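Descriptive analysis of the structure
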Amino acid sequence: MTIVFDHVSKTYDDGTIGVGDVSLTVRDGEVMVLVGPSGSGKTTLMRMVNRMVEPTSGRVLIDGRDVRGRDPIALRRSIGYVIQGGGLLPHRTVVDNIATIPMLNGVGRKRARDHAMGLLGKVGLDASLAGRYPAQLSGGQRQRVGVARALAADARILLMDEPFSAVDPVVRRELQNEVRRVQHDFGVTVVFVTHDINEAFFLADRIALLGDGGVLEQVDVPSRILGTPANERVRAFVEAGRPRMDKGVRCGLAV
Ligand SMILES: Nc1ncnc2c1ncn2[C@@H]1O[C@H](COP(=O)(O)OP(=O)(O)OP(=O)(O)O)[C@@H](O)[C@H]1O
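Values in this document were obtained by computation on a predicted structure and should not be read as measured data. (Residues numbered from 1 in each chain as written. Predicted model: local features only at pLDDT ≥ 70, side-chain atom pairs only at ≥ 80, totals over all residues. Heavy atoms only, no water.)

1. Observations regarding unusual backbone geometry
Where we set the bar: Starting at the N terminus, helices and strands are each numbered in turn, a helix being any DSSP run of H or I of at least four residues and a strand any DSSP run of E of at least two.
Although it is not a glycine, Asp63 adopts a positive phi angle of roughly 45°. You will see that Glu162, though not glycine, has its phi angle at about 40°, which is positive. Note on placement: Glu162 falls in the loop between β7 (157-161) and α6 (169-186).

2. Section: the nonpolar core
Buried together is how nonpolar side chains tend to be arranged in soluble globular proteins. Rules: Put simply, a nonpolar core is a bunch of buried Ala, Val, Leu, Ile, Met, Phe, Trp, Tyr and Cys residues held in one set by side-chain atoms that sit within 4.5 Å of each other. Only protein chains enter the calculation, and the probe is 1.4 Å; a residue is then buried if its accessible area is under 20% of its type maximum, exposed if over 50%, and partly exposed in between. Note that the domain bounds were set by an automatic or database domain assignment. Residue contacts are counted whenever heavy atoms from the two residues lie within 4.5 Å of one another.
Grouped together as the largest cluster of nonpolar side chains are 45 residues, with contacts concentrated most on Ile98, Leu151, Leu158, Met160 and Leu209. Among the elements that line this core, the one with the most residues is helix α5 (residues 139-152), at six residues. A domain split of this core shows at least three residues from each of domain 1 (3-78 + 156-254) and domain 2 (88-153). Residues within four places of Leu158 in sequence aside, it is in contact with Gly80, Ala150, Leu151, Val182, Val188, Thr189, Val190 and Val191. Phe5, Val22, Met46 and Val67 belong to the second largest nonpolar core, which has 25 residues in total.

3. Description of the site of the ligand
For the record, the criterion: Nearness is judged by heavy atoms alone; a residue qualifies as near a molecule or strand once a single heavy atom is within 4 Å of it. We call two N or O atoms a polar contact when they sit within 3.5 Å, provided that within protein one can donate a hydrogen and the other can accept it, with sequence-adjacent residues counted only if both atoms are side-chain atoms. Only the protein chains shown count as cover for residues, and all accessible areas are computed by the Shrake-Rupley method using a 1.4 Å probe. Residue polarity is assigned by list, with Asp, Glu, Lys and Arg as charged and Ala, Val, Leu, Ile, Met, Phe, Trp, Tyr, Cys and Pro as nonpolar; anything else, Gly included, falls into the polar class.
In the vicinity of the ligand there are 15 residues, among which Ser38, Gly39, Lys42, Thr43 and Thr44 approach most closely. Measuring from a nitrogen atom of the ligand, one finds a side-chain N or O atom of Tyr12 at 3.4 Å. In this structure, an oxygen atom belonging to the ligand sits 2.9 Å away from a main-chain N or O atom of Gly39. In isolation the ligand offers 630 Å² of accessible surface; the protein chains occlude 63% of this area. For the shell around the ligand, the secondary-structure elements that each account for two or more residues are β2 (17-26) and α1 (42-47). Broken down by class, the residue content of the shell around the ligand amounts to three nonpolar, nine polar and three charged.

As far as function goes, none of this settles anything; it's purely spatial.
Next comes the structure, spelled out in structure tokens:
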């Protein structure tokens, strides 16, 4: 599905500008990574898609349709939303967590649970984990359940808000690979928020780099963000987040 942000802005009630004037198109089936410093409006922008945030001005269109015309609850149930920690219901088992939204949408319990069991494999989880509660899983496993839950309602859009920032680097890379695979297998459109430029480079088809005041600094494929930054702020942001090989080498020699 295509998502269009058409001149959206958000000023919160206390006067804080969450998002300036942003126009951005996320193409069908693309992984668009929103990246930028803390407070640059990444989460605010993303939450406009499922109406967790209502823009102060401008419109968000999904496949040409203004989300304002959609019932917010139905809209949210049709869009996968993955947050740090997985956002799982603590008193429900893995399989029931995954089956919850389809059941709310009217799918029968048995069918929803059978589908949930199938999804476990798709996100790299063993079926033996189905009966566990979230507290009995590792951080990485919880994230995978979160992804399965987001996919369970046949969502065509996945919104992922810094989902992997609390897991260790090795598991994080596995999860990033999983996102790419899921995107490929299911053909979903993914909007992924991170403030880690390296995660953005790894995952993104395109990167939207936001700056202070919620302004869009550059939208481009990773190689162009790296090779031809639009301005000094983009260059500095990318530079600050990249591994400093030269420093590492110098340290190595000094020891
Ligand atoms: N409910 C709110 N009320 C007032 N200001 C808010 C609210 N939510 C967010 N903001 C402000 O809006 C700006 C953008 O916040 P947002 O969470 O979208 O940024 P972000 O880029 O996702 O940040 P981070 O990387 O730290 O998560 C910040 O200045 C933040 O303090």
